[in-house]
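The chain contents come next:
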Amino acid sequence: MKFRIFTEPQQGASYDDILAVAQTAERLGFDAFFRSDHYMLMGDHFSGLPGPTDAWTTLAGLARETTSIRLGTLVSSVTYRPPGILAIQVAQVDAMSGGRVELGLGTGWFEEEHAAYGIPFPPKRFGMLEEQLEIITGLFGTPTGKTYSFAGEHYTLTDSPALPKPMQTPLPIIVGGGGPRRTPALAARFATEFNLPFVPFDEIRAKFAGVRAACEAIHRDPDDLVYSAAFVAAGGEDEAEYVRRAEAIGRRPAELRENGLAGTAAEIVDRLGALQNDGVETVYLQILDLRDLEHLEFLAAEVVPELG
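Residues numbered from 1 in each chain as written. Predicted model: local features only at pLDDT ≥ 70, side-chain atom pairs only at ≥ 80, totals over all residues. Heavy atoms only, no water.

Trainee: In this structure, what is going on with the nonpolar core? I would like to understand it.
Mentor: Nonpolar side chains in soluble globular proteins tend to end up buried together. Ranked by internal contacts, the top residues of the largest apolar core, which has 80 residues, are Ile5, Phe33, Trp56, Ile204, Leu272 and Leu285. Per element, the largest residue contribution to this core is 8 residues, and it comes from helix α5 (residues 126–141). Residues within four places of Leu272 in sequence aside, it is in contact with Met1, Phe3, Leu261, Val283, Val303 and Leu307. Phe46, Val232, Ala246 and Ile249 belong to the second-largest nonpolar core, a separate cluster that totals 9 residues. (Core = buried A, V, L, I, M, F, W, Y, C linked by side-chain atoms within 4.5 Å. Buried < 20%, exposed > 50% of the residue type's maximum accessible area, 1.4 Å probe, protein only. Helix = DSSP H or I, 4+ residues; strand = E, 2+ residues; numbered from the N terminus. Contact = heavy atoms within 4.5 Å.)

Okay, here's the thing in structure tokens:
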């Protein structure tokens, strides 16, 4: 099982805060550092200060200030960037990192942040996601020296030089969500990884089965995909430390134990073992208190060695 650190900097983090988490995660041997792609605070527990940071600007910086840890978004919204521009950004950051970037892409959902920053928020966005996935993979897959054109309902590209190319071939693309039909079909067509974010534990096995069936329907080997899941993580050496960390992120300890990767190291390991039995190959540990670097030390020392 692989372990990745997943952050939500819009809740309140500077670039220096993010850098400290990424470099600590790298030093401790975590597989990847991922961040959300949001522009506004959610809820009222955190301050949101000093304000939002742009996901791909952040990853470009981290690409030059880390050496081995993989970097990505979970997930970028199709509403923020035209697909041609996003493809350029992703390919450039992949080159800046020496080939360590992964692109998580989704429809977006947080209407308030679109209103706050003047970003259009169409009521129907799934078609945008499908076209962006087709365009980005098409641009990356077009041979150098050839051009790429696309005419869809949402986007039109005419004789694009389809440059630059990412270092990785193919560049990993993550598609996720709990939808029963359309999302599994998109993952089967375009993704290298399928991610389930914050779903009830008892739904994971069935949702993975739906994705595997979608792969088989288009004659793709279901084992070509990586199957992953994301959960809030909060742990401690003892109950008092766990409660302190749960309360620091505005969660009730009992509720978090029920829905997240939470509690003592033994409790978290037991939960991860069950996830592994359900087919989870990669786990995204959502870390909400980005100033508590000792939490990463705890997870790396007490949890990861048991399943990593």
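Trainee: How should unusual backbone geometry be read in this particular structure?
Mentor: Negative phi characterises most residues that are not glycine, and trans characterises most peptide bonds. Between Leu74 and the following residue, Val75, the backbone shows a cis peptide bond with an omega angle of -10 degrees. Structurally, the position occupied by Val75 is in the loop between β3 (70–73) and β4 (76–77). Following Leu163, the chain continues to Pro164 via a peptide bond in cis, the omega torsion being 0 degrees. Here Pro164 is to be found in the loop between β7 (156–160) and β8 (173–176). A positive phi is found at His219, a non-glycine position, where the angle reads about 65 degrees.

Trainee: I tried to follow the environment of Leu163 on my own but got confused; where do I start?
Mentor: With respect to the secondary-structure elements, Leu163 resides in the loop between β7 and β8. Between the C-alpha atoms of Leu163 and Gln92, which are 71 residues apart in sequence, the distance is 9.8 Å. Here Leu163 is in contact with Ile88 and Thr144, once residues within four sequence places are set aside.

Trainee: So what exactly am I meant to see when it comes to the layout of surface pockets here?
Mentor: Think of a ball as big as a water molecule: rolled over the atoms, this probe shows where empty space is left. When its volume is computed, the largest pocket comes out at roughly 920 Å³. Forming the boundary of the largest pocket are 42 residues, of which Glu8, His38, Trp109, Pro197 and Phe198 lie nearest the centre. Of all the elements in the fold, those that place two or more residues in the lining of the largest pocket are β4, β5 (101–106), α5, β8, β9 (193–197), β10 (226–236) and α9 (253–259). Its residues placed into classes, the lining of the largest pocket shows 18 nonpolar, 19 polar and 5 charged. What the second largest pocket holds in volume is close to 270 Å³. Taken together, 16 residues form the lining of the second largest pocket, with Thr137, Phe140, Gly141, Pro170 and Leu171 sitting closest to its centre. At the level of secondary structure, the elements contributing two or more residues to the lining of the second largest pocket comprise α5 and α6 (182–190). Of the residues that constitute the lining of the second largest pocket, the class distribution is 8 nonpolar, 5 polar and 3 charged. (1 Å grid on protein atoms, 1.4 Å probe; cavity = no way out; pocket = protein on both sides within 12 Å on 5 of 7 lines; lining within 4 Å. Points joined across faces, edges and corners; volume = space filled by probe spheres on them. Nonpolar A, V, L, I, M, F, W, Y, C, P; charged D, E, K, R; others polar.)

Everything listed here is a matter of coordinates, which is why it stays silent on function.
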